[in-house]
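# Inside the fold
What follows is the residue order along each chain.
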Amino acid sequence: MISEYTSPGDVAVNDDETLYSLLTERIARTGNATTIAARKTGPGAWSSITTGEFHRLVLAAAKGLIAFGVGKGDAVTLFSATRFEWGVLDFALAAIGAVNVPVYDTDSAAQAERIINDSGVKLAVTDNRERYDRLDSINDRCPGLQRILMMDGNALGALEGLGVSVSDEELEARIADTHADDLATIVYTSGSTGAPKGVELTHRNFLSVVRAGYECLGEVLCDNHPRLLLFLPLAHCFARFIQYCSIGSDDGVVGYLPDMKSLLPDL
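In what follows, the accompanying structure is described.

### A short note on the side chain of Ser 80
Relative to the helices and strands, Ser 80 resides in the loop between β3 (75-79) and α3 (84-95). Those residues in contact with Ser 80 that lie beyond four places of it in its chain are Trp 86, Val 103, Asp 105, Asp 127, Arg 131 and Met 151.

Here it is in structure tokens:
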């Protein structure tokens, strides 16, 4: 006989809040001019991204996704190492109610194929040519996959150009139609006990954990102008949790590090 006990938390998430709200609520509190992210330009060299610029890129990508035909609940894969564009696309997908289905950058083509078909992915975005080719090799075995974009091939610019046909009103309607209990992401397990299983997480799931993190780990996540160097894979829930904590704080700055080859100068 196994008994289950639960202890309800006191973290509140409103029905109209989403992961995208972490960004808009920060802007409402602190404005557009604060630094929110850092983009690597070379070993130990970074460019600062303001909250306003990050938000502009998120909205431009969101419009591009809408123009491409990504609807509410549609699955989109990010097959990439941790990098700045990953964060922008993650928030763009959250804003319009699409479902982020990340694939680890170390996964094989066969592993990616199973995840893409199991979750019904419509669009995939890779970071570089090598991972693009990995997906291109299975494209004919993924009937739902309509297009593969590449970050190194200016995927954000392509989405921004595509999105000029989408009005602000259409974008705002999509944002307003996304709610806390909508599906935000499907995260696939390692598969150590069999085939990887897709774990469905809503916006409320992630927001609850982030806000609990502020309460439990405030000194680490919120106090003294926290600066985060993020090199864990963003396909991992913990890395995304930390990203969301930084983006949603008042003055956190997250630096997206694609690899650890120059970790010491980057630190």
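Anyway, onward from the coordinates.
### Comments concerning helix α8 (residues 203-216)
Helix length check: α8 (14 residues) gives 20 Å between terminal C-alpha atoms against 20 Å at 1.5 Å per residue, within 8%. Along α8, the residues that are buried comprise His 203, Phe 206, Leu 207, Val 210, Arg 211, Gly 213 and Tyr 214. Projected down its long axis, α8 carries its buried residues within an arc of 150°, all on one side. Turned more than 90 degrees off the buried face of α8, the exposed positions are Glu 215 and Cys 216.

### Remarks on unusual backbone geometry
Notably, Asn 154 is not glycine yet its phi reads approximately 65°, a positive angle. By the element assignment, Asn 154 lies in the loop between β6 (147-150) and α6 (155-162).

### Some details on the pattern of salt bridges
Applying the stated rule across the entire model yields 20 salt bridges. Here Arg 56 and Glu 160 are joined by a salt bridge, their closest N and O atoms 3.0 Å apart. Placement of Arg 56 in helix α2 (residues 51-68) and of Glu 160 in helix α6 is noted, with a sequence separation of 104 residues between them. Taking the relative accessible area as the measure of exposure, Arg 56 reaches 37% and is therefore partly exposed. Under the relative-accessibility criterion, Glu 160 is labelled partly exposed at 32%. Residues participating in the shared-partner salt-bridge network are Arg 39, Arg 83, Glu 85 and Asp 152.

### Observations concerning the packing of aromatic side chains
Under the criterion given, the structure shown has 6 aromatic pairs. Here Phe 238 and Phe 241 contribute two aromatic rings whose centre-to-centre distance is 6.0 Å and whose plane-to-plane angle is 40°, an arrangement assigned as tilted. Here Phe 238 pairs with Phe 241, and both are found in helix α10 (residues 237-248), just 3 residues apart, close to one helical turn. The class of Phe 238 is partly exposed, set by a relative accessible area of 43%. Pairwise contacts between aromatic rings join Phe 54, Phe 84, Phe 91, Phe 206, Tyr 244 and Tyr 256 into one cluster.

### Structural notes on the sheet that holds strand β2 (residues 45-50)
The pairing of strands in a sheet happens through backbone hydrogen bonds and is either parallel or antiparallel. The 4 strands are arranged β2-β1-β10-β9 in an open sheet whose pairing can be described as mixed. The open sheet is flanked by β2 and β9 (227-230), the only strands paired with a single partner. Sheet twist, expressed as the average angle between the axes of neighbouring strands with direction ignored, equals 25°. Here 6 bridges tie strand β1 (residues 35-42) to β2, and the two strands are oriented antiparallel to one another. Its bridge partner being in β2, Gly 42 is matched across the sheet by Ala 45. On the sheet, α3 packs against β1, β2 and β10 (253-256) and is oriented at approximately 145° with respect to β1. Packing against the sheet, α10 makes contact with β1, β9 and β10, and its axis sits at approximately 140° to β10.

Basis of the calculations
- Residues numbered from 1 in each chain as written.
- Predicted model: local features only at pLDDT ≥ 70, side-chain atom pairs only at ≥ 80, totals over all residues.
- Heavy atoms only, no water.
- Helix = DSSP H or I, 4+ residues; strand = E, 2+ residues; numbered from the N terminus.
- Contact = heavy atoms within 4.5 Å.
- Expected span 1.5 Å × (residues − 1).
- Buried < 20%, exposed > 50% of the residue type's maximum accessible area, 1.4 Å probe, protein only.
- Arc of directions from axis to C-beta.
- Salt bridge = Lys/Arg side-chain N within 4 Å of Asp/Glu carboxyl O.
- Phe/Tyr/Trp six-rings, centres within 6.5 Å; stacked < 30°, edge-to-face > 60°.
- Pairing = 2+ DSSP bridges.
- Axes fitted to C-alpha atoms, helices over the stretch in contact; angles between N-to-C directions.

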